[in-house]
Structures are given as C-alpha cells and as structure tokens.
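Secondary and tertiary structure notes
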Amino acid sequence: MEFNLSKYNFKSPERGLFRLPKGLSEKTVREISAEKGEPEWMLEKRLEAYKLFLKIPMPKFGPDLSKLDFNNITYYIRASEKKMRKWDEVPQHIKDAFDKLGVPEAERKFLAGVEAMYESEAVYQGLKKEWAEKGIIFTDTDTAVREYPEILKKHFGTVVPVSDNKFAALNTAVWSGGSFLFIPENVHLEIPLQAYFRMNAKAFGQFERTMIICEQGSKVHYLEGCTAPIYSEASLHAAVVEAIAKKNSHLRYSTMQNWSTNIYNLVTKRAFAYENATVEWVDGNIGSGVNMKYPSVYLKGKGARAEFLSVAYAGKNQYQDAGARAIHEAPNTTSVINSKNIAKNGGTTSFRGTVRFSESAVDAKSSVKCDALLLDDISSNITRPLLTTSQERSSIYHEAKVGKVSDEQIFYLMSRGLSENEAISLIITGFVDSFVKELPFEYAVEFNRLIQYELGKKVG
Amino acid sequence: MQMLKTKGSRFELSSGTISVPAGSSAQLLFIYGDEEKESRIRLSAGSSLQIFSVFNSGSKIKNSFSLAENSKLEIHDIFYGNVKVENSIPLENENCSLNLLAKGAIYMNESSSYSAFACIGKNAPGANVNLEEHAYLAEKGAKASLLPGLEINNSNVNARHASSISEPNGEQIFYLMSRGLSEKEAKDEIISGFLSRELAKMKAIFGYEGL
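Residues numbered from 1 in each chain as written. Chains lettered and ligands numbered in written order. Predicted model: local features only at pLDDT ≥ 70, side-chain atom pairs only at ≥ 80, totals over all residues. Heavy atoms only, no water.

**Section: the overall build of chain A**
Helix and strand counts for chain A come out as 13 helices and 24 strands. For chain A, whose C-alpha radius of gyration is 21 Å, the value lies close to the compact-globule estimate of 23 Å for 460 residues. The long-range fraction of contacts in chain A, counting pairs at least 24 apart against all pairs at least 6 apart in sequence, stands at 84%. In the form shown here, chain A has an accessible surface area of approximately 17,100 Å², with 49% of it arising from carbon and sulfur atoms. (Helix = DSSP H or I, 4+ residues; strand = E, 2+ residues; numbered from the N terminus. Rg over C-alpha atoms; globule rule 2.2 N^0.38 Å. Contact = heavy atoms within 4.5 Å. Areas by Shrake-Rupley, 256 points an atom, 1.4 Å probe, with all protein chains shown as cover.)

In structure tokens form, the structure reads like this:
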C-alpha cells in the first residue's frame, strides 16, 4: 500500500503576522488577552489560572517531563489576518498546507463543517448552510467569547476546573483558538464536523480550548485531527476540551492524534453526561513523543452512558500514556472502556484507566478491557486499571491480556503465501479492527495506512 | 499474625524476610488481624511457593517479592472489611511464574483496598503472569478499590490480569430466598461459595477452618 509521510511532515514557511517572544510570564498572558481584545472577565480567568499554574506541581506519574522547558516555547503566533469563510481567501501558504492534508477535499466530500486552526488561531471555518439554518453554532472559541458570551461564560471551566491539573491551568492562562460547538435541542447532525489542528512553527505551544454543548435530544459527531512537522526542538500541545451532553443527547468525539515525535501532547478532555445521554470517545494516538491523555466522562444523570475506544501506537522515542476515566455519579449509568496498545522499536505504551462509582451510582455497570501487543523485546507496556466503588449495587469488570504476535498465527499466514511483514501487518490490522470500524471510511483507510507505515518502516 | 506451614515445606525466616531455598517448595498461611506490617519474600532458583493469606479487618500489609529464575509463586488471598494490601512483584529473571488470585468480601461501611503490581523486566523472558482480583460488596456503604497493575518490558511473556467488583447476584439471592433464607443469609451463602475454593484449599493444606 502506498503511503507518503510527507503528507504530514512537510514544513511551511514561518510567516507569523504577530508572534510573542519565547517564554511565559504574566506579561505573556496579558499580551495574548490584549491581542484578542478580550473582555475583562476572561483576562481575570487567565490571570487566576497563571497563578495556579505556577503553584501546581508537575504530574508525579507517567512519562518523564523534566526536559519540557516552559521558557523555550512561543505561546502565541497569529498566522493570518482573520478567520476566513472561503478556502480561496485563506493565505496561500496556509491553504497549501491544508490542501496537502486533504482537509478542503474532505469537507467537500463528507463533512458538515470544518474548522482549521494554524498555530494559535483559526484560519478557516465553514459550516454548511443547511446545518447553520438549524441553529447549530460551529465557530472558534475566540469568536464565541465575542459573539456568544452568555453561553460561553456559563460553561467555561465548569467541566475542567482551572485547578484540575498543571496543564489545564496553563491552557486556561494562554488558551487560543479551539472549537465552540453548540447543537440545539433535538437537532441531529448526521454527518461529522471536523476540526484540524496544525502546528508549523518550531518550539511552539498550541493551547486550543474546545467547548461542545449538546442540548437535549441532540446528536453530533465531532472529529479532530492533529499534525505537525518534525523539528529538533520540542513543542507543546496542551489543549482542554469541555463537553456537555444534556438529557437524551448523543456526542461522539473522535480524535486522530498524529503529532510529530518532538511534541509533548498533554491534554485534558472531559465530558459531563446527563440523563440518558451518551458520550463516546474514539481516540487514536499514533504521534507525539510524549502523550498524556485520559479522556473522561462524568456520568451525572441516570441512565447516562459512556464508551471509550482507543488505540495507541508507540514506536522509537515515543511514550503513549493514554487511558480513560469513567466517573459514575448517578443510578443505572454504564461505561465501556476498550483499549488497544501496540509498542515497537523501544516505544512504551501505558493504559491508565479509572472507573469510580460514587454512592449514588446504584445499579451502575462498567466493563474495562485493555489489550496490548509488544512487537519486540525492547518495547514496554504498562497497564494500571483502578476500579473503585462506594455503591454495593454496582458491578465493574476488567480484563486484559498482554503478549506478542503469536508465532502460530504468523506461520499460518506465511503458509498461505504472505511474507512475515505482511502477516504481522494483517494480524495487527485485525487487532485494531474494532477501533477502525468506528471511524468514517476515509479516516479508517488513512489510519490503516499510517499503522502499516509505522510497522513497515521498522519491520521492513 | 499467625503463620502455619505444612509438613515438608522448606523456608527460612531471617530479619523479617522469608526465603525459599533453591529447588525447594513451600506452602505458607498467614492470618492477619488488626496490624500494620511489611514483608519481604524471596524465591530462589527453581523454588516454588504457595502463599495463602487471610486479611482481616484492620490489616495494612505491604508485601514485596523477588523471584529467581524458574521459580513459581502462587498467591491466594482473601480479604475482609477494612484492609489495605499492597503487593509489589518485580520479575527480573527468566521463566518465572506468578499466579495471584485475591478475593474479598466487604460489609457495611467497610472499605478495602487491594493492589498488586507485577513488573516483568527486560531480562525475564518466559514469564507467565496472571493477576486476578475480585470483590463482593455485601452490604450498603461497602467500598472497594482494586488495582491489578502490570508492566511488561519483554515480549516473550504471557501476561493477563482481570478484576471485578459487584454485589452478590440478584437472581441467586432471589433463588435462595425462595428456599426460605433471609436476604442476609442468602448473601452470606453466596459469598461463602465465592470464597469456598480458597478456603477449601486452606483447610486441606493447613487445617484452617476459616472465620
């Protein structure tokens, strides 16, 4: 199968119209806010968050973050004068980048809308007319601060409090861009919306802030893709996603994280699910050098449901510390966590799962499954599933298996004429199949190509 | 703590460390009460050890193990009530085998925390690891926290873990109550069945009659 990594790993010229000098201080925070012309309440939130960021210690678990230098990062770059509604109006070098990534083509073919974020700001945003007419709001979060302050102010920081962790505090202090999605009551958006995040500059930090609000009875599928070119200096992606799924709504959030390996991907993604709402995280982690991502759902209404389906691949110099958290706070809530990890060429994959039932989670149920494949003797896998319950009328089940690709399976396939590499690829395709079939067709094809490319470049 | 050994078991106890000599096998039973304790257990090359432990309410126990090549460790734990158990089990040598099965029953306003973390090192090919932790919440206000952790740094291993927390099955309770048992008696009967295999082994090997 033909696959060209330059599709993701190309470098565009750095032509920031405005960029802050490297480093983080209160002045940085104030300058970002001033550049955006924000209201006072948002500046206050940023400053409060900056103070907390300084106080909160670095995480004491997971990958080594000691080489992450907060003062060697540029916190804000504006690459375009303003956000455009037509691709033809986007500056040519940025449009070229998204053309290479296939974003405009995907929008034409199978998406309801696209937001493209380049460095710190959204450069393009489009929502098809038929969906806009139904009252769907799909814009960048900076625009939402100006145009929908009541909705944003009401929910901002309520799902992920500023004090949640060091990187949530950092994001709140210096956030820029991200998606704001509002689905009105009983509106079903049957085709996906997509946000695409591209980092082009080196030693840069992207801190988008995404907020999704699904009103009662609504339905949406939000897709997210991320790429960056490889530089020798480390960059940081510390996003915060807050999602609210109200009564009887259905939110699916799919991520295809393919950052380059010089990037620290330290994100906080969390959803609240109210009565009979469903939240699904479909999470593919292939890129980044260090990834710490544990999508969470707080099941707050009776009958709410959460599903997590994730795949992580770690190759050379990669540490994928991924997982899921299901916090059951209401009766009859259910959660399913299904994680697949693959490590090769010295990479480390880790599953860090938490399922917690509070006393009010009567008759709640959860099932956790995390399987891992180690493809050589220099790679590692860690699984830490923590199950905690304070409600006797509840049940949690967990199982996991870690192993290598079976020699018998390889032998069987080779006896049918496949080479060893083809046999291993086929087995791994089967291993991640439950994940791939949940992706839109075009993404599924791309994901399979990426996985096979990653395997092929080391196996072959 | 009460420790019993079966006839024929060979082990040494020195400075709080239990060692099983090379090529020997041992079967040990520990009964923990309201106490806080740390133990170290060493298995020499080719040895095997079966450890049975009963953690009663109030016990806070940390066990650390070391396994030499070709050694085999079986852990059968039962815990009741307010307990905190932490097992650290690094496997750093070839062809080690670890099989851990922990079962707990937790009653009203009690809280149990049981964790076992097995780390298979790069130099431990042929390791075979199975971690299982299960808890029944028998009454209202019972709390349980289970963590069966695995770290694997060698692909030539067989490793799995599983855990579950639940209340006794409603259909089973209904069946037993329809035969005249009260709800509490039915739950006790189900929990007794849940723990029966481990208790039967303890009785057969050590003559331990349980609580």
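Text resumes after the structure shown.
**Some remarks on the pairing of strand β10 (residues 97–106) of chain B**
All names here are of chain B. Across the ten residues that make up β10, a large majority, eight, are buried. Summarising the sheet, strand β8 (residues 72–80) and β10 pair through nine bridges and their orientation is parallel. Note that in β10 the partner of Leu73 across the bridge is Leu98. Examined bridge by bridge, β10 and strand β12 (residues 128–137) share ten bridges and lie parallel to one another. Bridge pairing in β12 places Leu98 opposite Val129. (Buried < 20%, exposed > 50% of the residue type's maximum accessible area, 1.4 Å probe, protein only. Pairing = 2+ DSSP bridges.)

**Things to note about helix α2 (residues 26–36) of chain A**
All names here are of chain A. Along α2, the residues that are buried comprise Thr28, Val29, Ile32, Ser33 and Lys36. Burial along α2 is one-sided: seen end-on, the buried residues are contained in an arc of 130 degrees. Counted as exposed and oriented over 90 degrees from the buried face of α2: Lys27 and Ala34. Check the buried side of α2 and you find it contacts α3 (40–55), β4 (121–127), α7 (141–147) and α9 (166–174). Phi turns positive one or two residues past the end of α2, at Gly37, with a value near 60 degrees. (Arc of directions from axis to C-beta.)

**As for the interface of chain B and chain A**
In this complex, chain B contributes 32 residues to the contact, which on the side of chain A involves 33 residues. Taking both partners together, chain B and chain A bury about 2,600 Å²; carbon and sulfur atoms supply 47% of that area. Scanning the region where chain B abuts chain A turns up zero salt bridges. Within the residue set of the side of chain B that touches chain A, elements represented by two or more residues are β13 (143–152) and β14 (158–166) of chain B. Per element, the largest residue contribution to the side of chain B that touches chain A is ten residues, and it comes from β13 of chain B. Across the side of chain B that touches chain A, the residue classes break down as 13 nonpolar, twelve polar and seven charged. Two strands pair when backbone bridges link them, and strand β23 (residues 380–389) of chain A and β13 of chain B are joined in this way by six bridges, in the antiparallel orientation. (Buried area = accessible area lost by both parts, 1.4 Å probe. Salt bridge = Lys/Arg side-chain N within 4 Å of Asp/Glu carboxyl O. Nonpolar A, V, L, I, M, F, W, Y, C, P; charged D, E, K, R; others polar.)

**Side note on the packing of aromatic side chains**
All names here are of chain A. With the rule as written, the count across this model stands at 21 aromatic pairs over all chains. Ring centres of Phe61 and Tyr294 lie 6.2 Å apart, and the angle between their planes is 55 degrees; on these two criteria the pair is classed as tilted. Here the residue Phe61 occupies a position in the loop between α3 and β2 (77–78), and Tyr294 occupies one in the loop between β16 (290–293) and β17 (296–299), the gap between them amounting to 233 residues. Residue Phe61 is classed as partly exposed on the basis of its relative accessible area, which comes to 38%. Taken together, Trp87, Phe98, Tyr118, Tyr124 and Tyr196 form an aromatic cluster joined through their ring pairs. Between Lys300 and the ring centre of Phe272, over which it is positioned, the NZ or CZ distance is 4.6 Å. (Phe/Tyr/Trp six-rings, centres within 6.5 Å; stacked < 30°, edge-to-face > 60°. Lys NZ or Arg CZ within 6 Å of the ring centre and 35° of its normal.)

**Digging into the pattern of salt bridges**
Residue and element names in this part refer to chain A. For the coordinates displayed, the defined rule picks out 26 salt bridges over all chains. Put simply, Lys36 and Glu121 hold a salt bridge, and the shortest N to O gap is 2.8 Å. Taken as a pair, Lys36 in helix α2 and Glu121 in strand β4 lie far apart in primary sequence, 85 residues in all. Assessed through its relative accessible area of 13%, Glu121 is described here as buried.

**Some points on the domain arrangement of chain A**
Note on interface size: it is often stated as the accessible area lost on association of the parts. All names here are of chain A. Domains assigned within chain A are domain 1 (6–293) and domain 2 (405–460). Summarising the inter-unit geometry, the C-alpha centres of domain 1 and domain 2 are found 31 Å apart. Contacts between the two partners involve 14 residues from domain 1, matched on the other side by ten residues from domain 2. It is Phe110, Met256 and Ile286 that lose the most area in domain 1 upon contact with domain 2, and together they represent 42% of the buried surface on that side. Taken together, domain 1 and domain 2 are joined by one residue pair in polar contact (both at pLDDT 80 or more). Per-class residue counts for the side of domain 1 that touches domain 2 are seven nonpolar, four polar and three charged. (Domains from an automatic or database assignment. Polar contact = N/O pair within 3.5 Å; in protein donor to acceptor, adjacent residues only side chain to side chain.)

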